Amino acid sequence: MAVKLGTNPIAWTNDDMPELGGATPLETCLKEAAEAGFAGIEKGGKFPNDAAQVQAALAPYGLALVSGWYSGELRTRSVEAEIAAMWPHFGLLKACACPVLIFAETAGTVQGKRDVPVADRPVMAEDEWPGYLKKLGQLADWMAANGPRMAFHHHMGTVIEKAAEIDRLMEGTPETVGLLYDTGHLTFAGEDPAAVAKRWARRINHVHTKDVRPDVLARVHAERLSFLDAVVAGVYTVPGDGCIDFVAALRPVAEAGYAGWVICEAEQDPDKAHPLTYARKGHATLVDTVAKLGLELA
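Quick notes on the rules
Residues numbered from 1 in each chain as written. Predicted model: local features only at pLDDT ≥ 70, side-chain atom pairs only at ≥ 80, totals over all residues. Heavy atoms only, no water. Helix = DSSP H or I, 4+ residues; strand = E, 2+ residues; numbered from the N terminus. Axes fitted to C-alpha atoms, helices over the stretch in contact; angles between N-to-C directions. Parallel < 35°, antiparallel > 145°, perpendicular 65-115°, else oblique. Left-handed = near helix turned anticlockwise from the far one by under 90°. Contact = heavy atoms within 4.5 Å. Disulfide = S-S within 2.5 Å. Buried < 20%, exposed > 50% of the residue type's maximum accessible area, 1.4 Å probe, protein only.

Draft legend 1. Geometry of unusual backbone geometry. Even without a glycine there, the phi angle at Ala97 is positive, about 60°. Relative to the helices and strands, Ala97 is located in the loop between helix 3 (79–95) and strand 4 (100–105).

Pasting the structure below:
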C-alpha cells in the first residue's frame, strides 16, 4: 500500500495562540512545507476561505489541500444545525477534493482556555452518551453521502480524550464515523497509541503523527498546566524527537491496508523550534518509518 505525507501549518503559526508565529506569512509556511518534502497540507486560519483561492495559493508549491479542522458542537446542537454550521467548511473541502473533514467535539472543551488545567476537562455524563452517538452517526452518514467523510479527532481537553472514550464512540457508531488517529494526543492522555490503533485500525481514515517530550509531560501533570501552556512548554514535537516508537504506533494501521494521508502535525513555539528544521526532521522520520513498515510513498 502507498501513503502520502503531509503537514499542518500549526508548526509555523498557531491559530489558538496568535503570539506563536502570528506574523509568519502563509507563503512562508507553504514554501517551507514543500521544501521539507511534504506533498500536502491541512487548512489553517491564514488560508483563504474560498476553494479557488486556496488552490491558487497552494499551486505554486505543488501542495494538495489534505483536510481541515472543524470545531463541532453536536453535544448542544441538532444534526441539522451542525450541518448548517459546518457547510461552508465542508463545501470548501469538497471543492478541493479532500477525502475527510476533521471533526472534533468542542462543546465544553478546555483546550483553548489557558487558565484551566487540561486535567479539568469535561466528561460526558452517562445519560448523554446514547443521544450523542446517535446524532454523530446521523451526521457522519450525511457527510459520507455528500462529500468528505468524518475523521473524528480525539483531543486533549475534550470529552473524547481517553482510549475508553474512543472505544465507546467507535462501538456505538456506524462505520461512516472514521477515526483520526493521533499518536501525540493518545500519549499525552496516558494511553498506548499502538493498542488503540490495533483495536480500531479499520476505522482509521486519517493519521496525525506528533511526538511527545516525556520530561515536559511530567511537568504538565505535576504543575497542572493548561493545554496551551503545555504546548508553549514544548510537550509536543515532531516524530523522531520524543518518546514515541512510530514503527510500533503505525504498524497496526499499515497492516490494515491504510492508504491515506499521514500528517506531521506538532504544535510548538516557532521561536524555540525552527519550523523548517523540525519539519525536515519529522519528514525524514516518517519516510524512514514508512520504509520500515514496507509501505510506499504515493
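Draft legend 2. Focus on the packing of helix 4 (residues 129–146) against helix 5 (residues 163–171). Where helix 4 contacts helix 5, the axes come no closer than 10 Å and their chain directions differ by 60°. Between helix 4 and helix 5, the interaxial angle falls into the category oblique. Seen from above, helix 4 lies across helix 5 with right-handed handedness. Of helix 5, the residues touching helix 4 (which contributes Trp129, Tyr132, Leu133 and Leu136) are Glu165, Arg168 and Leu169.

Draft legend 3. Here's a closer look at the state of the cysteines. Scanning the model with the defined rule gives 0 disulfides in all. No disulfide involves Cys29; its sulfur sits 12 Å from that of Cys264, the nearest cysteine. You can call Cys264 buried: its relative accessible area is 4%.

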